[in-house]
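# Examination of the molecular architecture
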Amino acid sequence: MSSSGKVSAMAITKPNNGKDDELIQVLRELSDFLRQKGYGTDRLYRDAKTHHYINVREWDSEQQAMTAHQDPELHRFWARLGKISKTVKIYERLEQISI
């Protein structure tokens, strides 16, 4: 956990064939949902070589992350994502290292 109390996480996702646009749309809706509920914020990247999408999430706090994980609306987003993409890897807690 960072000194601000925020918790960083990352998910790497590969869209099913032809589902890039739909995946981006669902991730936008999910990001809006998280922000509106006060759970946290997302940043989305795409690897130019593999075309994997990297979603970096910053939960507002450990408590907000736990609350969000119990929210049925979040589970509905995950179900939608599961129909259009494959999760390659999830990192639930990233620790920033000062360099």
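Our subject is the structure listed above.
It should be emphasised that the depicted structure is a prediction, and the values quoted were computed from it without experimental measurement.

Take the environment of Thr13 next. Note on placement: Thr13 falls in strand β1 (residues 7-15). For the pair formed by Thr13 and His51, sequence separation is 38 residues and the distance between their alpha carbons is 9.0 Å. Aside from chain neighbours lying at most four places away, what touches Thr13 is Leu23, His52, Tyr53, Ser85, Lys86, Thr87 and Val88.

It is worth spelling out the packing of helix α1 (residues 20-37) against helix α3 (residues 72-84) at this point. Packing of α1 against α3 leaves a shortest axis separation of 10 Å and a crossing angle of 170°. Considered as vectors, α1 and α3 are oriented roughly antiparallel to each other. Along this stretch, α1 crosses α3, giving a crossing that reads as left-handed. Residue-level contacts link Glu22, Leu23, Val26, Leu27, Glu29, Leu30, Phe33, Leu34 and Lys37 of α1 to Glu73, Leu74, Phe77, Arg80, Leu81 and Ile84 of α3. Considered class by class, the residues forming the contact of α1 with α3 number 10 nonpolar, no polar and five charged.

This part covers the pairing of strand β3 (residues 53-59). Across the seven residues that make up β3, a large majority, six, are buried. With seven bridges joining them, β1 and β3 adopt antiparallel strand pairing. Paired with Val7 across the bridge in β3 is Trp59. Examined bridge by bridge, strand β2 (residues 40-46) and β3 share seven bridges and lie antiparallel to one another. Residue pairing for β3: Leu44 is matched across the bridge by Asn55. Connecting β2 to the antiparallel partner β3 that follows it, the hairpin turn spans six residues, and His51 within it adopts a positive phi of roughly 65°.

What counts, and at which threshold
Residues numbered from 1 in each chain as written. Predicted model: local features only at pLDDT ≥ 70, side-chain atom pairs only at ≥ 80, totals over all residues. Heavy atoms only, no water. Helix = DSSP H or I, 4+ residues; strand = E, 2+ residues; numbered from the N terminus. Contact = heavy atoms within 4.5 Å. Axes fitted to C-alpha atoms, helices over the stretch in contact; angles between N-to-C directions. Parallel < 35°, antiparallel > 145°, perpendicular 65-115°, else oblique. Left-handed = near helix turned anticlockwise from the far one by under 90°. Nonpolar A, V, L, I, M, F, W, Y, C, P; charged D, E, K, R; others polar. Buried < 20%, exposed > 50% of the residue type's maximum accessible area, 1.4 Å probe, protein only. Pairing = 2+ DSSP bridges.

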